[in-house]
Structures are given as structure tokens and as C-alpha cells.
Amino acid sequence: MKDIIKIGSIAEVHQFLGLAKPKHPLISVIRVADIIKDLDVDNLRYSLGLYQISLKDNCPFTIVNYGRNSYDYQEGTMVFTAPNQVLEFKKNQIAEEDKGWSLAFHPDLIRKSELGKTIDNYSFFSYASNEALHLSDEERKTVTEIVEKIEKEFSTNIDAHSQTLIISNLELLLNYCVRFYDRQFYTRTNLNQDLASQFEQLLKDYYQQDKQLEFGIPTVQYCGEAMNMSPKYLSDLLRKETGQSTQDHIHQYIIEKAKNRLLNSTESASEIAYALGFEYPQYFSKIFKKKTTMSPNEFRQSLN
């Protein structure tokens, strides 16, 4: 297995790419055209201790072994990676021209800001690379203009306002990407319209095969992998389509099965909990009460 190259700072990124020293220690914008000809990244595995937002345009590289999928960059696609994810690149034929860029920033840049508190809400940092954001020409222009503002801000003389303006524009960029992802979800409704029913069937199969007795209740991670999606992407799609997250759907499905057993058997609440895959009956009772406002025994008594 190839060694993983670990890169933990903006300075190390520039050094690895053969670029001049960065103009800011915590953030940088790298133009693909500036590095593409001299960079040999064929079959390179690396772990970047930074957030990275990349716009690819005619890129000659394929990400492999990331999020269980390979992904060939298409014109005008954005990929978001959180710190310490391992990626592997395979080189394809050289592109004559590439207008793509990568914006990388260290977690320390936003650590004391409001964005530092909310960065985990931008779930696309946890999407697999095959769940990239595909931009229209106008959308690509919008995000590129914001990135150019960020670059201009950290490239000029740093003053008392620089940090605030850099972070504000970074947050603006992320919020536009939220909007564009929402547009992508909606425009792909025909592709995703059966998602809820497919997910329901996945849960049915899980219990019909008694997997819960061996593995416990189905996890969000399991469901994502079974549907060939990252857990965050699956949850966001379900929320757009049904208003409920993956975890909500799992719990709701289990509660419905529990109700049927409570009404049609003499099993105790603990026996039903174990049969449904719960390791601890108390956890089952907690979820049941949260969803129905009653304990399992109260529910059984209310209908007798």
C-alpha cells in the first residue's frame, strides 16, 4: 500500500506544489493552471489537514478511493473536503487549459469565529466525491468572484479588518453553495423521487433478514453505504423529499414495528426491544416515548 503524504498547513501545501511562500499563513487560493504541468500526482495518496473547496474545469485527474467511489471531474464541478480525509489521485491525459482553483484554509482561521461554530452544518464537506456540486455558468461565475475577493483581501496589506472580511466572504461562499446544492436536489427530483420508497424497502429487507439480531438497529452509516451514498448526502436528500432525516426515518420505522408487536403479542417491552435490535431496552423506551409521548407499556394499556 502506498504511503499517505500528510500535509498539515498552508505553507506545506505551497512547498509540496513548488509554489512561492503563501501570502497568508491560514488560507490560500491555488490555480490549477499554475501547477498542472509540473505536478506529478499519479496514484498519490494524501491527507490534508485543511478544509478544501475546489472548482474543477477540464481537470486531468481522477479522485479514486474517496467515499467508496471514483470520480472524474467534469466541467464546472465543486468538491468539498474536510480536514484529514484521505484522497488518492490518478492522472489522466494533460489538459491544455484549466481554469479551476482550490481554496484551502486551516481550521484555525475560523476557530474563534461564528463560522467556526457552524462549519459542521455545511454537510457537503462530508459528501462523497461522486456527490459533487455541478454548477451552471452563472453559478460558477458567482463563486469564482467571491473567491477572487477572498484572495484579494489576504493578498493585500493585512489590517484589523482583514480577518473579518475574509471569514465573511468565506461564509458567503458556503451559503451560496448551500443554495446551489438545493437547486441541484430539486432539479434532480426525477432521479430521487423514489428515494423514500427505496429506503423503506432497505429497512424492510434488513428486518426480514433478521440482521438486527446480529448487527443491532440499522445505522445511518449502514444505510448510506447500502444505498451507495455518503450518510450526510442521503440524509439531506431524504430531508428535502420528506422533511425527515435518515435517523428520523429509521426510528419511525422501528416504532411502527414496535407498535404492531405491542398490540399483537404478549411480549414484554424488553423482549420487543431486543427483537428489534436494541442492546438496551431503556434506549428503546426513550425513543418510543419521544415519538409517541408514551412509554411502550402505556401505549399498550391505552389501546386495551
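Each chain carries its own residue numbering, running from 1 in the written order of its sequence. Thresholds applied to this predicted model are a pLDDT of at least 70 for local features of residues and 80 or more for the giving and counting of side-chain atom pairs; totals over whole chains, interfaces and linings are not thresholded and use all residues. Hydrogens and waters are ignored; side-chain quantities use all the structure's heavy atoms.

Once that is clear, we can look at the overall build of the protein. Counting from the N terminus, the helices are DSSP H or I runs at least four residues long and the strands are E runs at least two residues long. Check the secondary structure of the protein and you find 14 helices and 10 strands. Looking at the protein as a whole, 48% of its 304 residues are labelled buried. Computed with a 1.4 Å probe, the accessible areas rest on the Shrake-Rupley method; for each residue, only the protein chains presented here act as cover. Of the roughly 16400 Å² that the protein leaves accessible, carbon and sulfur atoms contribute 46%. For every residue, the accessible area (1.4 Å probe, protein chains only) is compared with the maximum for its type, and the residue is labelled buried under 20%, exposed over 50%, or partly exposed between those bounds.

Time to look at the packing of helix 5 (residues 162-187) against helix 10 (residues 231-242). Two measures define how a pair of helices packs: the angle their axes make with one another and the distance between the axes. Note on definitions: angles span 0 to 180 degrees between N-to-C directions of axes, and those axes are lines fitted to C-alpha atoms, for helices only across the stretch in contact. Where helix 5 contacts helix 10, the axes come no closer than 11 Å and their chain directions differ by 70 degrees. The angle between helix 5 and helix 10 falls in the class roughly perpendicular. Seen along the crossing, helix 5 lies across helix 10 with a hand that is right-handed. Where helix 5 abuts helix 10, its residues Tyr-181, Asp-182, Gln-184, Phe-185 and Tyr-186 lie against Tyr-233, Asp-236, Leu-237 and Lys-240. Each angle gets one of four labels, with under 35 degrees taken as roughly parallel, over 145 as roughly antiparallel, 65 to 115 as roughly perpendicular, and the rest as oblique. Here a crossing is called left-handed whenever its near helix is offset anticlockwise from the far helix by less than a right angle, and right-handed whenever the offset is clockwise. Contact definition: two residues touch when any of their heavy atoms are within 4.5 Å.

Glancing now at the pattern of salt bridges. Two side chains bearing opposite charge may form a pair once their charged atoms approach each other closely. When a carboxyl oxygen of Asp or Glu lies within 4 Å of a side-chain nitrogen of Lys or Arg, that pair is called a salt bridge. This model, assessed by the stated rule, comprises 10 salt bridges. Note that Arg-239 and Asp-236 form a salt bridge whose closest N and O atoms lie 3.3 Å from each other. Of this pair, Arg-239 and Asp-236 both sit in helix 10, 3 residues apart, which is roughly one turn of the helix. A salt bridge links Asp-248 to Lys-291, with the nearest nitrogen and oxygen atoms 3.8 Å apart. Of this pair, Asp-248 sits in helix 11 (residues 246-264) while Lys-291 sits in helix 13 (residues 281-292), placing them 43 residues apart in sequence. Here Lys-291 falls in the partly exposed class, since its relative accessible area comes to 30%.

Pairs of strands are assigned from DSSP output, requiring at least two bridges between the strands. The strand order 2-9-4-7-10 describes an open sheet built from 5 strands, whose pairing is antiparallel. If you trace the sheet from one side to the other, it starts and ends with strand 2 (27-31) and strand 10 (133-134), each paired once. By the bridge criterion, 2 bridges tie strand 7 (residues 77-81) to strand 10 in an arrangement that is antiparallel. Looking across to strand 10, one finds that Thr-77 is bridged to His-134.

Any two of the Phe, Tyr and Trp rings considered here, Trp counted by its six-membered ring, make a pair once their centres fall within 6.5 Å; the pair's planes then place it as stacked at under 30 degrees, edge-to-face at over 60, or tilted in between. Per the counting criterion, the structure on display carries 20 aromatic pairs. Centre to centre, the rings of Tyr-127 and Tyr-181 are 5.2 Å apart; their planes meet at 90 degrees, and the pair counts as edge-to-face. Remark: Tyr-181 occurs in helix 5 and Tyr-127 occurs in the loop between helix 3 (114-118) and strand 10; sequence separation between them is 54 residues. The pair Tyr-127 / Tyr-181 is uniform in exposure class, with both members buried. Through a chain of ring-to-ring contacts, the aromatic side chains of Tyr-51, Phe-80, Phe-105, Tyr-122, Phe-124, Phe-125, Tyr-127, Tyr-181, Phe-185 and Tyr-233 assemble into a single cluster.

Turning to the layout of surface pockets, a few remarks are in order. Buried and open spaces are told apart on a 1 Å grid over the protein atoms alone, a cavity being a set of points where a 1.4 Å probe fits but cannot get out and a pocket being an open set with protein on both sides within 12 Å along at least five of seven lines. Residues with an atom within 4 Å of a point are the lining residues. Grid points are joined across faces, edges and corners, and a volume is the space filled by probe spheres set on the points. In this structure, the largest pocket occupies an estimated 220 Å³ of space. Lining the largest pocket are 14 residues, with His-14, Lys-23, Ser-28, Val-29 and Glu-151 sitting closest to its centre. Elements supplying a minimum of two residues to the lining of the largest pocket: strand 2 and helix 4 (137-155). For the lining of the largest pocket, the element with the most residues is strand 2, which contributes 4 residues.

What makes Asp-236 buried here is its relative accessible area of 13%. There is a polar contact of 2.4 Å between the side chain of Asp-236 and the side chain of Tyr-127. At a separation of 3.3 Å, a polar atom in the side chain of Asp-236 contacts the side chain of Arg-239. In protein, a polar contact requires one atom able to donate a hydrogen and another able to accept it; more generally it is a pair of N or O atoms within 3.5 Å, and residues adjacent in sequence count only if both atoms are side-chain atoms.

Before going further, it helps to spend a moment on the confidence of the model for the protein. Per residue, pLDDT measures the predictor's confidence, with a range of 0 to 100. Confidence along the protein averages 85 in pLDDT terms, with 84% of residues attaining 70 or more. Averaged over each element, pLDDT in the protein is lowest for strand 6 (residues 69-72) (40) and highest for helix 12 (residues 269-275) (96). Note that pLDDT drops below 50 for residues 59-73; the model gives that stretch 62 contacts with residues more than four away or on any other chain.

Below, the discussion takes up the environment of Leu-234. As for its position among the elements, Leu-234 is in helix 10. On the accessibility criterion, Leu-234 (0% relative accessible area) is buried. Between the C-alpha atoms of Leu-234 and Val-220, which are 14 residues apart in sequence, the distance is 8.8 Å. Leaving out residues up to four positions away in the same chain, Leu-234 has contacts with Leu-195, Phe-199, Cys-223, Gly-224, Met-227, Met-229 and Thr-246.

Attention now goes to the packing of helix 11 against helix 13. One can describe the packing of helix 11 onto helix 13 by two numbers: an axis separation of 10 Å at closest approach and a directional angle of 100 degrees. Regarding the angle of helix 11 to helix 13, the classification is roughly perpendicular. Contact residues: Asp-248, His-251, Gln-252, Ile-255, Ala-258, Lys-259 and Leu-262 in helix 11; Tyr-283, Phe-284, Ile-287, Phe-288, Lys-291 and Thr-292 in helix 13. Residues of the contact of helix 11 with helix 13, tallied by class, amount to 7 nonpolar, 3 polar and 3 charged. Amino acids outside the nonpolar list (Ala, Val, Leu, Ile, Met, Phe, Trp, Tyr, Cys, Pro) and the charged list (Asp, Glu, Lys, Arg) are all regarded as polar, and Gly is one of them.

Turning to the nonpolar core, a few remarks are in order. The criterion is simple. A nonpolar core is a set of buried Ala, Val, Leu, Ile, Met, Phe, Trp, Tyr and Cys residues joined through side-chain atoms within 4.5 Å. Grouped together as the largest cluster of nonpolar side chains are 63 residues, with contacts concentrated most on Ile-53, Met-78, Leu-103, Phe-125 and Leu-170. Dropping the residues within four chain positions of it, Phe-125 is found in contact with Tyr-51, Gln-52, Ile-53, Phe-80, Thr-81, Ala-82, Gln-85, Ile-119 and Leu-174. In terms of nonpolar packing, the next biggest core, distinct from the first, is built from 11 residues, Ile-10, Leu-17, Ile-30 and Leu-48 among them.

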